[in-house]
There are 2 protein chains.
Amino acid sequence: MSVHTTIGSVSESELLARIIPMFGESPFASVGVLVPPGDDAAVLTTGGSVVVTTDSMVRGRDWRDDWSSGHDVGVKVVAQNVADVAAMGAVPTGLLVSVAADPETDLDWVIDLTRGIADAAEDAAAPVVGGDLSSAPAGTVLVAVTAFGDLEGRAPVLRSGARPGDVVAVSGSLGWSGAGLALYESGTPDPIGHGADGAHLGSLELATSLLMWFHRSPRPPWEAGPVAAGAGATSMIDLSDGLVRDGGRIATASGVELVLDESAMREHFLTGPVELVLGGDAGWRQVLSGGEEHSLLATFAPGSVPDDARAPWTVIGVVAQAGPEGPRLTVGGAVPSVTGWDHFAG
Amino acid sequence: MSVHTTIGSVSESELLARIIPMFGESPFASVGVLVPPGDDAAVLTTGGSVVVTTDSMVRGRDWRDDWSSGHDVGVKVVAQNVADVAAMGAVPTGLLVSVAADPETDLDWVIDLTRGIADAAEDAAAPVVGGDLSSAPAGTVLVAVTAFGDLEGRAPVLRSGARPGDVVAVSGSLGWSGAGLALYESGTPDPIGHGADGAHLGSLELATSLLMWFHRSPRPPWEAGPVAAGAGATSMIDLSDGLVRDGGRIATASGVELVLDESAMREHFLTGPVELVLGGDAGWRQVLSGGEEHSLLATFAPGSVPDDARAPWTVIGVVAQAGPEGPRLTVGGAVPSVTGWDHFAG
């Protein structure tokens, strides 16, 4: 029998005393953290520069408690930020975590969130070096993460460097998170939820669970960012708003056309769990426009796409000079009709 | 006649197109910002380390719209973060801003907030290099800032370095923000609000308005942090939770007793607007425990308190060995009965 303790029923210092040790002692002994949490600010060692980015998740907008656990939310908010660091070509070096929560929030949920943040931080080798805790209006829970990265002496990889003649490549999946969201929205139960262990499930059920899991707590291919930068990637972006929208951002920033190969994309990204679960038509729409995937899209000079088993890149097209229509992205010769996300529009 | 446009009625890209230019172009051309807003992450040049901190403000908890304007909130959230950077002995070098807001939030309020952030960022010479915008549940507005700082080759000044024989000093005011809050809570109208220009006001009205202004939009003495570090400060802290509570943190972290001189404190910090407006008893309580002042408390070896007109420091006590009672802070030989803030307790 569990007793529900709210965070408002314990003092701030008690709450911090529960949370801070969960981020571990050992990371702060590693190179990179000169001053760990507990002072006015943290201090990280750097090369000649530091990559900085921030991204937040809000309950009811970016997650639903009936779909995602606190642990899921913690993993996802770290993943989003680490993907942005990786998309500059940097390795993650540290995180700040800011939580604003209704005092009625269940303490166990906050502990679970903390565990998810700590697990993802450890996976990314990016210690949590500080943060902030504040109370919020009834019903509101917001988790904001700031991530830091080190370019290890490389130049940052911008969105604006794609050049005609480059090839276009993706690291990671396409459409999994969007497919998982579509499954949740259609009321599909997770075949491996609620204590089932998956041992007797068929491939459809396993693929369904995989997509739903990826939507809740994605694991972006962040190792591929520094690898791409080391191979001389000319442009790179984190796919947070869908391939078409984010690829269009590279096209616009670089003043080029991204000419994507429909059959290569279908073969590499539609075939598999997305097509198995959603079918070809709905699956293809997710490949093109599903959000929150956090895979990486990059361009490379011909012949320089990295061949690294830890961080594989798949070529899906080429960069061409912008035509009379101006910078754009085409798939199979046409501008896709689908688009991506807008955080304020419906 | 003004038409109220909500942020939810314009697209995210339109909103960003309004906001981003307010942070100016010129700061990004300055040394320190290699990659400005608009890519996956920003890149700042650094020395061998970077100071990082984050602090948030939530509507209804950290400000009230009937007391504070959007501009006030923007100034205050930047000030809080810059004070934390200064308290490590660093100069601010950049900011990330994250806003989560109910789509029904008035666009003009967000523009006013942005202007406040931009003004304080310019004052601190810390450009806004990126951020995040998300929608939040009805009624919620949250502004989170992450600040970066450069130690310019100095060691960070921690809370744990105070040594017996050091002197204790303050830069900035004490009790002004707490006094201003007490005035708001008592329903006192701001004598210079609502179009009055203050030209015909007496000293009581001017002092009242000054304290209320300082509560809404403090201007911490952030230049004093690097000056103190350069003079060899042995410990330092940002006074966000009141002198007694934050001074106690230095005592605990350093394992010492801070022995504060009541008459020096009354002379330098009670005399003036706080005593004039609140009287001696209530004013003294604010000097001891008023929160959100963001002045700096530091310890120095005897004879090394900096003498710098830009960033004056006032000696208020000495550091002694901890007695049988353990690390603590005393004022006039006694432990003050007042304490500071707890963000979750009432």
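The structure displayed is predicted, hence computed values, not measured ones.

A few words now on the overall build of chain A. For chain A, the helix and strand inventory stands at eleven helices and twelve strands. Relative to the globule expectation of 20 Å for 346 residues, the C-alpha radius of gyration of chain A, 21 Å, shows essentially globular dimensions. Here the C-alpha coordinates of chain A stretch approximately 60 × 50 × 40 Å along the principal axes. Buried residues in chain A amount to 57% of all 346 residues. Here the analysis covers contacts within chain A between residues at least 6 apart in sequence; of these, 86% occur between residues at least 24 apart. Accessible surface for chain A amounts to roughly 13100 Å². Of this, 54% is attributable to carbon and sulfur atoms.

On to the side chain of H215 of chain A. Within the element layout of this structure, H215 of chain A appears in helix α6 (residues 203-216). H215 of chain A gets classed as buried once you look at its relative accessible area, which sits at 7%.

Let us look at the interface of chain A and chain B. Facing the 61 residues of chain A at the interface are 61 residues of chain B. Here chain A and chain B share an interface that buries about 5000 Å² over both sides, 58% of which is from carbon and sulfur atoms. In this structure, the connection of chain A to chain B is made through four salt bridges. Between R159 of chain B and D40 of chain A there is a salt bridge whose closest N-O contact spans 3.3 Å. Across the chain A-chain B interface, the total number found is 27 residue pairs in polar contact (both at pLDDT 80 or more). Listed by contribution, the elements that provide at least two residues to the side of chain A that touches chain B are α1 (12-19), β1 (33-35), β2 (42-45), β3 (49-58), β4 (91-101), β5 (128-135), β6 (141-150) and β8 (235-239) of chain A. For the side of chain A that touches chain B, the element with the highest residue contribution is β3 of chain A, accounting for nine residues. Its residues placed into classes, the side of chain A that touches chain B shows 33 nonpolar, 17 polar and eleven charged.

Glancing now at the packing of aromatic side chains. Applying the stated criterion across every chain yields a total of eleven aromatic pairs over all chains. Measuring from centroid to centroid gives 5.7 Å for W63 of chain A and W109 of chain A, while their planes differ by 15°, and the two rings are stacked. Here W63 of chain A is found in the loop between β3 and α3 (70-86), whereas its partner W109 of chain A is found in helix α4 (residues 107-123), with 46 residues between them in sequence. For W63 of chain A, a relative accessible area of 3% puts it in the buried group. With a centroid separation of 6.1 Å and an interplanar angle of 70°, the aromatic rings of W213 of chain B and F214 of chain B are classed as edge-to-face. Accessibility expressed as a relative area gives 35% for W213 of chain B, which makes it partly exposed. With relative accessibility at 6%, the residue F214 of chain B sits in the buried group. The structure contains a cluster of three or more aromatic residues connected by ring pairs, namely W176, W213 and F214 of chain A. Above the ring of W284 of chain A, the side-chain terminus of R266 of chain A is found at 4.2 Å from the ring centroid.

As a further point, take the domain arrangement of chain A. All names here are of chain A. When the domains of chain A are assigned, the result is domain 1 (7-150) and domain 2 (167-331). Taken together, the 19 residues of domain 1 in the interface contact 20 residues of domain 2. Summing both sides of the interface, domain 1 and domain 2 together bury roughly 1700 Å²; the carbon and sulfur share of this comes to 64%. Ranking the residues of domain 1 by area buried against domain 2 places W67, K76 and A87 at the top, with a combined share of 35%. Across the domain 1-domain 2 interface, the total number found is three salt bridges. For R216, the salt bridge goes to D72, with nearest N and O atoms at 3.2 Å.

Below, the discussion takes up the relation of the copies chain A and chain B. It takes a turn of 180° to lay chain A on chain B, together with a shift of 0.0 Å along the axis; the resulting RMSD is 0.0 Å. Such a turn and shift between the copies fits a two-fold axis.

Another point: the packing of helix α9 (residues 262-270) of chain A against helix α11 (residues 280-289) of chain A. Packed helices, taken two at a time, are described by their axes: the angle between them and the distance between them. All names here are of chain A. Look at α9 against α11: their axes get within 11 Å of each other, and the N-to-C directions meet at 100°. Here α11 runs roughly perpendicular to α9, going by the angle between their axes. Contact with α9, carried on its side by E262, M265, R266, F269 and L270, involves G280, G283, W284, V287 and L288 of α11 and no other residues of that element. The class makeup of the residues in the contact of α9 with α11 is six nonpolar, two polar and two charged.

Residues and elements named next belong to chain A. For α1, the complete set of buried residues consists of E12, L15 and I19. In an axial view of α1, the angular spread of the buried residues amounts to 65°, which keeps them on one side of the axis. Tucked inside the fold, the buried residues of α1 contact α4 and β5.

Before going further, it helps to examine the sheet that holds β1 of chain A. Here we have six strands laid out as an open sheet, ordered β1(A)-β2(A)-β3(B)-β6(B)-β4(B)-β5(B), and mixed in their pairing. The sheet is open, and its two edges are formed by β1 of chain A together with β5 (128-135) of chain B, each paired on a single side. Averaged over all pairs of adjacent strands, the angle between strand axes in this sheet comes to 25°, irrespective of strand direction. The sheet contact formed by β1 of chain A and β2 of chain A spans two bridges and is antiparallel. Looking at β2 of chain A, one finds that V33 of chain A is bridged to L44 of chain A.

As a further point, take the environment of A162 of chain A. Residue and element names in this part refer to chain A. Looking at the secondary structure, you find A162 in the loop between β6 and β7 (167-171). Sequence separation between A162 and A298 is 136 residues, and the spatial gap between their C-alpha atoms is 8.4 Å. Residues in contact with A162, not counting those within four places in the same chain, are T234, S235, I250, S254, V256, T299 and V319.

A few words on the pattern of salt bridges. Per the counting criterion, the structure on display carries 34 salt bridges over all chains. Note that R154 of chain A and E152 of chain A form a salt bridge whose closest N and O atoms lie 3.0 Å from each other. E262 of chain B is the salt-bridge partner of R266 of chain B, the closest N and O atoms lying 2.9 Å from each other. Of this pair, R266 of chain B and E262 of chain B both sit in helix α9 (residues 262-270), four residues apart, which is roughly one turn of that helix.

About the criteria used
Residues numbered from 1 in each chain as written. Chains lettered and ligands numbered in written order. Predicted model: local features only at pLDDT ≥ 70, side-chain atom pairs only at ≥ 80, totals over all residues. Heavy atoms only, no water. Helix = DSSP H or I, 4+ residues; strand = E, 2+ residues; numbered from the N terminus. Rg over C-alpha atoms; globule rule 2.2 N^0.38 Å. Buried < 20%, exposed > 50% of the residue type's maximum accessible area, 1.4 Å probe, protein only. Contact = heavy atoms within 4.5 Å. Areas by Shrake-Rupley, 256 points an atom, 1.4 Å probe, with all protein chains shown as cover. Buried area = accessible area lost by both parts, 1.4 Å probe. Salt bridge = Lys/Arg side-chain N within 4 Å of Asp/Glu carboxyl O. Polar contact = N/O pair within 3.5 Å; in protein donor to acceptor, adjacent residues only side chain to side chain. Nonpolar A, V, L, I, M, F, W, Y, C, P; charged D, E, K, R; others polar. Phe/Tyr/Trp six-rings, centres within 6.5 Å; stacked < 30°, edge-to-face > 60°. Lys NZ or Arg CZ within 6 Å of the ring centre and 35° of its normal. Domains from an automatic or database assignment. Least-squares fit on C-alpha atoms with pLDDT ≥ 70 in both. Axes fitted to C-alpha atoms, helices over the stretch in contact; angles between N-to-C directions. Parallel < 35°, antiparallel > 145°, perpendicular 65-115°, else oblique. Arc of directions from axis to C-beta. Pairing = 2+ DSSP bridges.

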